[in-house]
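Residue strings, one per chain:
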Amino acid sequence: MENKKKENLDYIFQEVDETTNVYNNINQNVDELFKVVGTNLENAERLNAVPYSYWRMTFKELFKKPLVIVALFALFLILFFTIFGPLINYYPPLNISGDTVLPNPVEGVAPPYYVGPNSQFWFGICGDNMGTWFRGTDMWSVVWTGSRLSLLLGITVAAINVFLGITIGAAWGYFKWLDPILIEFRNFVGNIPTILLDILLMQLLSPYMKQYGFLIVVFLLSALGWIGLAGFVRNQIIIIRNREYNIASQTLGSSSITMISHNLLPYLVSVIVTVASTSIPAAISSEVGLAYFNLSFRVSDGDITLGQVLTEATQGMAWMSHPYLLLGPLIVMVPLTVAFFYLGLAIADATDPKSHR
Amino acid sequence: MKEKNKVIEVKDLSLGFVTRGHKSHVLRDIFLDIYEGETLAIVGESGSGKSVFTKTFTGMLDSNGFISSGSVMFEGKDLVQIKNNKEWLNIRGRKIATIFQDPMTSLNPLFSIGYQISEVLRLHSRPSKEELKQYKEQRKNDKLLEKSNLQGMSKEERKDYFENKKIKKSELFAKNYEKLLNNEEKINIFKKLLIKYDAYKETNYQIKNKPHGISKRQAKKEAIELLKKVKIPNAEKRYKDYPFQYSGGMRQRVVIAIALACHPKVLICDEPTTALDVTVQSQILQLIKDLQKEFNWTTIFITHDLGVVANIADRIAVMYGGEIVEYGTAEDIFYRPAHPYTWALLSSLPQLGSKDEPLSFIPGNPPSFAKDIIGDPFAERNQYALAIDFISNPPMIQISDTHSAKTWLLDKRAPKIQKPKVILELRERMKRAADELLKEQGEIDYGK
Amino acid sequence: MANKKFNKHISSLREKLHLNKKRYQPSVDEFAKSQQENPDDIIVKMKDVKISFKMGGVERVIINHLNLDIRRGEILGLVGESGSGKTTIGRAIIRINPVRSGEITYNNVLISGKIPKEREKLLKTKIQMIFQDPSASLNERANIDYIVSEGLKAFHMYDNEEDRLNKISDIMEKVGLRAEYLNRYPHEFSGGQRQRIGIARCMVMNPEFVIADEPISALDMSIRAQVLNLIREFKERNNLTVLFIAHDLSIVKYISDRIAVIYAGKIVELAKAERLFEAPLHPYTKSLLSAVPIPDPQIERHKKIVVYDPLMHNYTEDDVPQFYEVEEGHFVRANKKELEQYKNELKKIGGK
C-alpha cells in the first residue's frame, strides 16, 4: 500500500520537475515557443483505446485462477490413465464361465477372491458378487476400460447435444413462427418421465443392441438432451434479438442466416462454452443412471462403461463389507464431474467482458 | 461580493484508474471551492472526467480507481481519507445526494414509487444506534428512580401515583388521537382503528421518552407531500404506481423527491436532463431551481450542454481531459470566455449557427487517459495552439477575482490572437436566437 | 498492410475458382420506371396511415390518419417528444413496423403491407437509416470492415473483393476516418466516430432516401455539428432526400428545408423551416420554441416556459380539428374557430 502511494507521488513529482525544466527553458527561446501552430488533427483523430484481443484476455483471466490449473491437471490425469491405464497394470477380467485367468491367485483364499487394494492389484479385486459376471475382476483394469468408453460416449453425446441445441435454439429464438410449435413440443416431451421413454425405446431397439449398442445409447441420451440447451439459447436470442444493431442489419438487407451467425451467436459464445463444458460430465452421469436400470449397452464383457462398473460393484451387499469396490469408479467420476463443473464456472467468469480489466 | 462559506473545498486532487494492468491518470491537480447555496455547473465532453470528479464526493469510485493525492474537505472532514463504508453511508444520500441521468438506476422497478419514497423517509427518521443506547441507559435510570420513589410512598400514595399516571396517559392518547384524526380526510371504521393504534404507539413513545422513527402512515403522508412538491399531478393516486408507469420526466421528478426526503446539503445532478425531451428538460431545470430556493442547498450540475448551463448555473467550471481549464461566474464564461476550449464549445452550439455557414465543431477525440498527456491536453484539437502547449501544461492564470483560465494565451509573452467570429458576435447572436425563440413572451430582458 | 495483401490474394483466388457471385442487378427497377413514367415531385407519400401494436391483447394505436408527403431532394425535419410516434413513422417507411391500414408509396409504388419479395429487396437498396445511439446500433462483435460493408455484402453490390475494399475505404475517408481502422472494433471508437461509422455504412449503399432517427441526440454538444455537416454534405453530393427526426427544434432548424411538428401521433404543424420560426401558430410549436435553451445566462434566467396542455383546445364533436393550409406551404392542425384565430395571427406577423 505504502509502496503504491509512493509510486504515485513519484509520478507527480516527475511531472513537476519536467514542468520546471520547461519553465527555465522558456526564457531562452520565447518567440519560438509562443507561436500559434494550430491543431494537430493527425493525433487528435487517432484511436485512443488500447487494442485488446477478447480471447487472449479470456485465456489470461482463465489461467490466473489456481483452481483452474488444478481442474485441468485432474482432467489431464484422468485422460492419461483412460488412454494408458489398462496398459500399465492390466489383468483381463474373468469371463462369464468363471475360469480364472488371474496370473497370481492369492494363496490360501479360494476363488473367486475378494482382495483389497495392494501393490499388485491397485484397486483390489471383486470377488463373487452375487453371482454376476463381475466375480474375480481386477478393478483397476475394469475402471479404466470403463472410463474409456464413458468419456467417448460423453464427448459424442455432448457434441451432438451442443450442435443440435445451438442450431435449433438459434432458429427457435430467431423465427417467430417457430416459437409456439417448439414450445408445445417442449411442454409435451418435457412432461413424459424420461426413464419411461428410455425403457420403451430400449425394448423396441433391443434386437439391435448387440450390433449398435453404443449408437443406441448415444441416441437415447441425445434424443431429448438438446432441448435444455436449445431452450436456453432461444431465451438468450430473444433477449438480444430486438436490439438496435439487429434492426440496423435488417435495414441493410442481411439475411436471416447472416443475422444469426454474425449478429446473435457471437454474443452468446461465452454462455454456450459454459453450458457445453458441463454437458460432458452430465452425459456421463446420465449413462450411469441408465446402467443402474440395466438400460445401458454391453457389446462384450470387455466393453464396459463406468455406469456398468458402478452398477455391478454395488450389486448385492458386498460393497458394504468391501468398500474399496467403490474406490475405483469414484476416483474417476468425482474428479471428472467436479473438474468440469469448476472449469465451467471459471470459463463463465473469464468470458464475461466485464471481468476484463 | 460578500464572503461566502465554502461547502466543499477540493485541493490538488489527482485520481487514476487501473485498467488491464495499465495505470491511467484521469483527474489531475484539481483545485475548486464550492460555496454554500450556489449552483455550480461542471461542463465537459464525455471522457473529461466530470462524473468521476463528483463521484469522489460520495465515495462511489469504481473499485479499480485510486486517489493519488489531494483532499476534498466537507464539514471539516477530508473525504479522501474515509475508508469504511459506514462513514460513507452517513454522508452519501444524507448530506450529499445524487441524481443520475437514468432515473431507473436509483429506482427499484419492483416496488411502488410511494413505498420507495416513504421507506427513505422512515429510514432517515429512525434513531441512530447511539441514540438508542442512550435511551436504554436513561430508561434504566428512570425505572430505578421510580422504584426508589415508590418504596418511600404509603399504599394510598402509590395508588394515587398510578392513577395519575393512567390519567396522564389517557389524556395524552386522546390528544394524539385527535391530532392524527384531524390529519386524515376520509375516515371509516378501519382507518379509525389503525389511527388508534398509531396514537397508542405514539403515546407510549412519548411517555417513555423513546426516540423513534415516523410511522408508516405518517411517512405516506409526507411522501405524498413530497410528490406534490416535485409537481407530480394526482400525487395521491400516483403514490401506488410503479416506476414503469411513469414517464421519463416524471421518474426524474420522483428521484428528486427521494433526494429531497434526505434534506441534503449538496445535490449533485449528473446529467439529469440529457435523456429527456427539451420541453421536459426545461421543466425539470425549473423545478430544481425552485426547490433550491426553498431548501437552500448547493447544486453541482454536470452537463455537456452549455445551453442548459446558462439556465441554471451561478458559477461554471469547464473541464477537459481531467483538468479544470476555466472557471468563473456564468457571466464570465458566457460573455468573456478566455480558454480556446470554451470558445470552441460555445461556437459549436447550434442555436448560434446560421444556415449559410457550416456549423463549427471541435474536431478529433478527447485525449485518452491510457497514455500520459504531455503539455496542454487540448492542444491537439486547438485551433489556437501555441508551440509551448505541446510541451508544457499551462498554469491556471487569474483574470479577475472570480475568473481563471488555464491557457498559455493569457501569458504576457503570448501573441495577441483574433477570437473566432462566433465568440466576437456572441451577444448579437444570442439576442438573435432569443428574438427568434421567445418572441411570444413579449419583452425579453437582455440584461446589461 | 499485411491484411490488404492477404485480401488481394484471396480475391484473386476467388476469381480463379469462379467463386465470385454476380453483382446484384434487379430485373426491373420498378421505382425508377415509375418515376420515369410519371415524374413527380413527391418521393414518399403516406396516405391515411395507421400504425398500432398489440400489447397483451390490447391494441395500442400509435399513429392514426397520418398524411405526409416528402418531397424529392429535401430534408424534412420531424420534431416531437419521445412517445409521439416520430420514430414509428420512420420505421414504418423502412418496413420494420407494420402498417395496419392506409398506404405508403415510394415513387408512386406501394411499399407498405404485403408486397412482392423482389420489390422489398429493391427497396432496401433505396432507403437507408441512421440510428440514434451509436453504441447500440453497431455490432460490437464485428469489425468495422464487416459493419460498413454489411449492406454491400447482403446485396453483393460490388464486382470483386478489391472493388468492395475500394468502396469502403472511399466512404471511410469521406466520413473522416482512416481506412487503416477497418479491422478495429466499435468499442475502440469514440461516440462521434461511431456515429460516423453508422453514416458510412448507410451512405456506402448509395441510397436515394435516408431516415436519420435522432442521429445526434446521444452525442456530445461539441461534435453534434460535425455529424450534421456530414449529413448535409452527403445530401448535397448525392442529391439525397432525408427525413430528419429530432426532439430539439434548434438542431433541426439548420438542416431542414421543411419542419413537421408532431404531437401524440398527429402532425400539428408543417411549414418551411424559416417560416415555422417566424410564425409559429400551434401552441405546441410555441412551447417547443420556448424550451430551446439559449446560451445566455441573463436571458435564460428571465425566460418563461410555455407549457403545452392538450386540453386547452376544447375540441367538440361538431367542430373536429383538421389539417388546414393557412398560407402557402404552411399547414396547421386546428378546428374552424382556431383556424380563424391563426389566420389573424398570421396577418399580424405579416407575409413572407
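All residue numbers refer to position in the chain's written sequence, counted from 1. Lettering of chains starts at A and numbering of ligands starts at 1, both following the order in which they are written. Given that this is a predicted model, residues contribute local features only at a pLDDT of at least 70 and side-chain atom pairs are listed and counted only at 80 or more, while totals for whole chains, interfaces and linings are drawn from all residues. Side-chain metrics in this entry use all non-hydrogen atoms of the structure; hydrogen atoms and water are not considered.

Q: Would you mind going over the overall build of chain A with me for this structure?
A: Segments assigned H or I by DSSP are reported as helices when at least four residues long, segments assigned E as strands when at least two residues long, and all are numbered from the N terminus. Looking only at helices and strands, one finds 15 helices and two strands in chain A. Remark: exposure states derive from per-residue accessible area (1.4 Å probe, protein chains only) relative to the maximum for the residue type, with buried under 20%, exposed over 50%, and partly exposed in between. The buried share of chain A, taken over its 357 residues, is 43%. Considering only contacts in chain A between residues 6 or more positions apart, those separated by 24 or more positions represent 69%. Each accessible area is a Shrake-Rupley result for a 1.4 Å probe, and residues are judged covered by the shown protein chains and nothing else. By element, 65% of the accessible surface of chain A is carried by carbon and sulfur atoms, the whole surface being about 18,800 Å². Residues count as neighbours in contact if any of their non-hydrogen atoms are within 4.5 Å of one another.

Q: Would you mind going over helix 10 (residues 226-241) of chain A with me for this structure?
A: An α-helix turns once every 3.6 residues. As a result, residues three or four positions apart point the same way. Multiplying one less than the number of residues by 1.5 Å gives the expected span of a helix. Here helix 10 of chain A contains 16 residues, and its C-alpha end-to-end distance of 21 Å stays within 8% of the 22 Å for a straight helix at 1.5 Å per residue. The inward-facing, buried residues of helix 10 of chain A contact helix 6 (139-174), helix 7 (178-190), helix 9 (209-223), helix 11 (244-251) and helix 12 (256-292) of chain A.

Q: What's the story with the pairing of strand 4 (residues 65-74) of chain B in this structure? I'm lost.
A: It is a general feature of regular strands that their side chains alternate between the two faces of the sheet. Residue and element names in this part refer to chain B. We call two strands paired when DSSP finds no fewer than two bridges between them. Sheet topology places strand 1 (residues 6-19) next to strand 4; eight bridges connect them, and they run antiparallel. Each residue of the ladder has a partner; that of Val10, found in strand 4, is Val72. Where strand 4 lies against strand 5 (residues 77-78), two bridges are found, and the strand directions are antiparallel. Across the sheet, residue Phe74 finds its bridge partner in strand 5, namely Lys77. Here strand 4 hands over to strand 5 after two residues, with Glu75 in that stretch at a positive phi of 50 degrees.

Q: Any chance you could explain the packing of helix 6 of chain A against helix 10 of chain A here in plain terms?
A: A pair of packed helices is characterised by two quantities: the angle between their axes and the separation of those axes. All names here are of chain A. It is at 7 Å that the axes of helix 6 and helix 10 come closest, and there the two elements cross at 40 degrees. Remark: the crossing between helix 6 and helix 10 carries right-handed chirality. Here helix 6 contributes Asn161, Val162, Leu164, Gly165, Ile166, Ile168, Gly169, Ala170, Trp172, Gly173 and Tyr174 to the contact with helix 10, which in turn contributes Trp226, Leu229, Ala230, Gly231, Val233, Arg234, Ile237, Ile238 and Arg241. Here the residues of the contact of helix 6 with helix 10 sort into 13 nonpolar, five polar and two charged. Angles shown run from 0 to 180 degrees and are taken between the N-to-C directions of axes, each axis being a line fitted to C-alpha atoms and, for helices, limited to the stretch in contact. Handedness of a helix crossing follows the sense of rotation of the near helix relative to the far helix, less than a right angle counterclockwise being left-handed and clockwise being right-handed. All residues other than Ala, Val, Leu, Ile, Met, Phe, Trp, Tyr, Cys, Pro, Asp, Glu, Lys and Arg, Gly among them, are scored as polar; the first ten of these are nonpolar and the last four charged.

Q: Just checking my understanding: could you explain the interface of chain B and chain C for this structure?
A: Note: interface size is frequently given as the accessible area lost on complex formation between the parts. With 53 residues of chain B in contact, the opposing surface of chain C contributes 50 residues. Here the quantity called buried area is the accessible surface, traced with a 1.4 Å probe, that two parts lose on coming together, added over both. Interface of chain B and chain C: buried area, both sides summed, is about 4,700 Å²; carbon and sulfur atoms make up 56% of it. Every case where a carboxyl oxygen of Asp or Glu lies within 4 Å of a side-chain nitrogen of Lys or Arg is listed as a salt bridge. Taken together, the connections running from chain B to chain C amount to zero salt bridges. The term polar contact refers here to a pair of N or O atoms within 3.5 Å; inside protein, the definition further demands a hydrogen-donor-capable atom paired with an acceptor-capable atom, and it admits residues adjacent in sequence only when both atoms are side-chain atoms. Joining chain B to chain C, the criterion identifies 12 residue pairs in polar contact (both at pLDDT 80 or more). For the side of chain B that touches chain C, the secondary structure elements donating two or more residues are helix 10 (278-295), helix 11 (306-312), helix 12 (330-335) and helix 15 (426-438) of chain B. Considering only residue class, the side of chain B that touches chain C consists of 22 nonpolar, 17 polar and 14 charged.

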